Amino acid sequence: MNKTNATSIESSRIAQSIGLTLDRFIKNNQDQFQYASGELSQLLRDIALASKVVNREVNKAGLIDIMGAMGTQNMAGDNQQKLDVLANIRFTRALAKGGEVCALVSEEAESFVDLNNEGKYVIAIDPLDGSSNIDVNVSIGTIFSIYRRKTQTGTPLQSIDILQKGSEQVAAGYVLYGSSTMMVYTTGHGVNGFTYEPSLGEYFLSHPDLKMPEDGKIYSINEGSSNSFSNAIRDYIQYCKDQNYTARYIGSLVADFHRNMLKGGIYIYPITSKDPHGKLRLMYECNALAFIAEQAGGKASNGHNRILDIELKELHQRTAFYVGSKNMVTKAETFK
Ligand code: P6P
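No experiment lies behind these values; they were computed from the predicted model shown.

1. Overview of the pattern of salt bridges
- What the rule picks out here adds up to 16 salt bridges.
- Between Lys165 and Glu311 there is a salt bridge, and its shortest N-O distance comes to 3.9 Å. Within this pair, whereas Lys165 is found in the loop between helix 5 (159-162) and strand 7 (171-177), its partner Glu311 is found in the loop between strand 15 (299-301) and strand 16 (318-319), the two being separated by 146 residues in sequence.
- On the accessibility criterion, Lys165 (23% relative accessible area) is partly exposed.
- By relative accessible area, Glu311 is classed as partly exposed at 45%.
- Asp275 serves as the salt-bridge partner of Lys274, at 3.7 Å between the closest nitrogen and oxygen.
- With a relative accessible area of 13%, Asp275 lands in the buried category.

Next comes the structure, spelled out in structure tokens:
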């Protein structure tokens, strides 16, 4: 038997043993999509494809000249890393080529990008969140929200197409470039996680019907900023210590969120004296994770109001973010 045959037999054995591919899962479940099932299925595939390209570049970051800062800032004032810009290009190109998305809101672009096509969907994306961790080889992630455009295709886009509340999302997900690369998403029918097998270039269903434990013993917050926290937040942190909770804060939202979803826990990025409206962005960070959290039985608020109910007034609108196990978020909200 020649080497090629042996490799292909081994690959097919891996495929059979590790089950359902993302493509097959999307196809098997596309009747769940309220409308335009074929287009949304294709859109999810386009995102998965772009994530495979970004994954390859993230994994090579130490070997080719794509680490470090660009020397530029995005409109939020964050220093852009080379991989931030690369990831934005990859996702924008894949979505533009796919033709299902008519407009794209990205952390890396000041205004929305009109893709000038008949696509029925609008996507809000943080192409590479936590990118300051790239150079130190800490997990980073992509976060995306998918909305249907409100106005008629073929007519000029309007703000009602773009500035939609989180409750209007038709799908949302994240990609975690960690010890393994995972894609986790929801279309409003629960949450499913897929692990990437690079030797086959496929995502396989590895975490079906993910549920977030209602309680947990992990709290994620940057205690280094305590001096700029409100007394309420400082009191909640003391409460966590009194309960002997574990502090885990990676500085990469997707990684902290994913761990808390699997093990139970809470992530808080509160308003601070430095970020009086919060640091995290509602459109392409918080809304997606809030949708996923709720679909997995968790909770997400700004400390007072449900994240998914917050009206959008501007693209890069910031918010305080409390997300995780339902009972932990509810408890944290009682600290006023
Ligand atoms: P800080 C990364 O910049 C990010 O948006 C999240 O991924 C992360 O949780 C948070 O900001 C870290 O912010 O102020 O604690 O360094």
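Now that the structure has been shown, the text picks up again.
2. Some points on the pairing of strand 13 (residues 266-269)
- Taking every second residue as pointing to the same face, both faces of strand 13 are buried, with Ile266 and Ile268 on one and Tyr267 and Tyr269 on the other.
- Note that strand 11 (residues 218-220) and strand 13 share two bridges and pair parallel. For Ser220, the partnering residue across the bridge sits in strand 13 and is Tyr267.
- In terms of strand pairing, strand 13 meets strand 17 (residues 321-324) through four bridges, oriented antiparallel.

3. Some thoughts on the sheet that holds strand 6 (residues 140-148)
- Read across the sheet, eight strands follow the order 4-3-5-6-7-8-9-10 without closing on themselves; strand pairing throughout is mixed. Of all the strands in the sheet, the pair left with one neighbour each is strand 4 (113-114) and strand 10 (202-207).
- Two strands pair when backbone bridges link them, and strand 3 (residues 101-106) and strand 5 (residues 121-129) are joined in this way by five bridges, in the parallel orientation. Each bridged residue has a counterpart across the sheet, and for Val105 the counterpart in strand 5 is Ala124.

4. Structural notes on the site of the ligand
- Taken together, Asp129, Gly130, Asn222, Tyr249, Gly251, Ser252, Leu253, Tyr267, Tyr269, Lys279, Leu280 and Glu285 are the residues near the ligand.
- Leu253 places a polar main-chain atom, nitrogen or oxygen, 2.7 Å from an oxygen atom of the ligand.
- Separating an oxygen atom of the ligand from a side-chain N or O atom of Lys279 is a distance of 2.9 Å.
- Here the ligand, which alone exposes 400 Å², has 80% of that area covered by the protein.
- A per-class count over the shell around the ligand returns five nonpolar, four polar and three charged.

5. Observations concerning unusual backbone geometry
- You will see that Asn116, though not glycine, has its phi angle at about 50°, which is positive.
- One non-glycine residue, Asn137, lies in positive phi territory at about 60°.
- As for its position among the elements, Asn137 is in the loop between strand 5 and strand 6.

6. A look at the packing of aromatic side chains
- Enumeration over the complete set of coordinates arrives at ten aromatic pairs.
- Ring plane angle 70° and centroid distance 5.4 Å describe the contact between Tyr236 and Phe335, whose orientation is recorded as edge-to-face. Residue Tyr236 is found in helix 6 (residues 231-242), and its partner Phe335 is found in the segment after helix 9 (326-333); the two are separated by 99 residues along the sequence.
- Classification of Tyr236 as buried rests on a relative accessible area of 3%.
- The rings of Tyr236, Tyr239, Tyr245 and Phe335 are connected pair by pair, giving a single aromatic cluster.

7. Focus on helix 8 (residues 282-295)
- Most of helix 8 sits inside the fold, with twelve of its 14 residues counted as buried.
- Residue Gly297 follows helix 8 closely and has a positive phi angle near 90°.

Calculation notes
Residues numbered from 1 in each chain as written. Predicted model: local features only at pLDDT ≥ 70, side-chain atom pairs only at ≥ 80, totals over all residues. Heavy atoms only, no water. Salt bridge = Lys/Arg side-chain N within 4 Å of Asp/Glu carboxyl O. Helix = DSSP H or I, 4+ residues; strand = E, 2+ residues; numbered from the N terminus. Buried < 20%, exposed > 50% of the residue type's maximum accessible area, 1.4 Å probe, protein only. Pairing = 2+ DSSP bridges. Near = heavy atom within 4 Å. Polar contact = N/O pair within 3.5 Å; in protein donor to acceptor, adjacent residues only side chain to side chain. Areas by Shrake-Rupley, 256 points an atom, 1.4 Å probe, with all protein chains shown as cover. Nonpolar A, V, L, I, M, F, W, Y, C, P; charged D, E, K, R; others polar. Phe/Tyr/Trp six-rings, centres within 6.5 Å; stacked < 30°, edge-to-face > 60°.

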